[in-house]
Amino acid sequence: MAGKPSSKDGGTFLRLPTRGQLLRALTLTQNTSAMAFTIFLVPHLASPVVAAFAGLDGAEKTMMIARDLYLPLEPIVVYIPLTIHLLSSLSRRLLLSTSTSLSKSIRFPTLPHQILAYPLVFLLIPHIITHRLIPSSPAPPIRELSPSELGWEFVGYNLQNWGAWIAYLGLVGAGVWHALVGGMKVATWLKNLRRRPAKGDPSNVLSTKWKVYPDDKKECDSDPAPRVIPKPRKLGLRGLIMVLLGVVSIGLARVTRDTGLVSGMMKRRYDAVFDATPWANLYRLL
C-alpha cells in the first residue's frame, strides 16, 4: 500500500518509540508526579512536628488546616501522583536494568535513596490502608470514621503498640530521605531540561523489533548517572533526618500521653480498623 514503508520480506514496519524516548517519558512522569505529591506530603508531615511543641491539640489543629488544603483534591494530589510515581519508577528501573550497555551503577539501585524506595512502599501502603481506606468502610462497627473522628487520637491509640512506633518512624525517616534526595534530583533534572537544546525527532526510526538503535544508545548513555551526594551535604542530610526523627518521636510521645483513655465506642471502631487488615493476626502479637 502506498505511503507505508515495507520490509524486504514484504512485512510492514512498525513505528516504535526508542529506548531513549521511553526513558525520557518515564523520567518526566516520575519527576512531575513527585512534585505533585509534595503538595500533600509537606503539610501532612507538619502535624507530628507541631505535636512535639503543642501536643495532641496542636497536631489536631495543624492536621485540620492541612486537610483543608489537600482533601478537596485528594485523588489529584495524593493517589494519582503516587500511583504514577510508583509505576513510572518501576518501569524506568526495569528499562534501565535491561540496558546491558549501561554500567551496573545506573542499571540497578545502588544509592540509599534508591534502595529506601522499596521498603518505603511496604510502609506506605499499609499506612494508606489503615489510615484512609479501611476507616472509610460503612460496615459496622467502623461506620465510616469521619475526618474529625480519624484524628490524632486514632494515632495515639495506635501508638500503644510498639510496632506502630517502628512503622511511623520508619515511614517518616525513609520518606523524608527519599523525598529530599529525590528533590535534589528533580531540581537537577529541571535545570538540565531548560538547558537541553532542541533535537530532531528520532521517531523516524522504523523497526519490527525491539532493539537498541544508535540514537537509543546515545540517549541511554546520556542518562544521568546516580546522583552522588558530596560528603558534607550527606552528613548534613543525615543530621537533618536524625533531628527530624527526634522531633517526631517527641511529638508522638506527647500525642500518646495526651490521648489518655479512649471511649468504649471509639475503641471498638478503632480496633475494627486494625482487625480488618490482612496482617491483623501479626499485629496482635506485637
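Residues numbered from 1 in each chain as written. Predicted model: local features only at pLDDT ≥ 70, side-chain atom pairs only at ≥ 80, totals over all residues. Heavy atoms only, no water.

A. Seen up close, the UniProt feature "transmembrane region" (unreviewed entry) in the chain. Cross-referencing UniProt, the feature "transmembrane region" (unreviewed entry) maps to residues 34-56, 76-95, 165-187 and 235-256 in the present numbering. This span, residues 34-56, is 100% helix and 0% strand, and a straight line between its end C-alpha atoms measures 30 Å. (UniProt positions renumbered as here; feature names shortened; annotations may be inferred. Helix = DSSP H or I, 4+ residues; strand = E, 2+ residues; numbered from the N terminus.)

B. Focus on the environment of Ser105. Its location among the elements puts Ser105 in helix H3 (residues 104-107). Since its relative accessible area comes to 34%, Ser105 is described here as partly exposed. A polar contact is formed between the side chain of Ser105 and the side chain of Ser103, at a distance of 3.0 Å. (Buried < 20%, exposed > 50% of the residue type's maximum accessible area, 1.4 Å probe, protein only. Polar contact = N/O pair within 3.5 Å; in protein donor to acceptor, adjacent residues only side chain to side chain.)

C. Quick peek at the environment of Arg132. Position of Arg132 among the secondary structure elements: in helix H4 (residues 112-133). Judged by its relative accessible area of 30%, Arg132 falls in the partly exposed class. Considered as a pair, Arg132 and Pro147 are 15 residues apart in the sequence and their alpha carbons are 9.5 Å apart. Aside from chain neighbours lying at most four places away, what touches Arg132 is Leu71, Glu74, Tyr79 and His127. (Contact = heavy atoms within 4.5 Å.)

D. Highlighting the packing of aromatic side chains. Tallied over the full model, the rule gives five aromatic pairs. On the basis of an interplanar angle of 85 degrees and a centroid distance of 4.8 Å, the ring pair of Phe40 and Tyr70 is categorised as edge-to-face. Tyr70 carries the same exposure label as Phe40, and that label is buried. The interplanar angle of 40 degrees and the centroid separation of 5.6 Å between the aromatic rings of Tyr157 and Tyr270 together place this pair among those described as tilted. Note that Tyr157 is positioned in helix H5 (residues 152-158) and Tyr270 in helix H9 (residues 264-275), a separation of 113 residues in sequence. (Phe/Tyr/Trp six-rings, centres within 6.5 Å; stacked < 30°, edge-to-face > 60°.)

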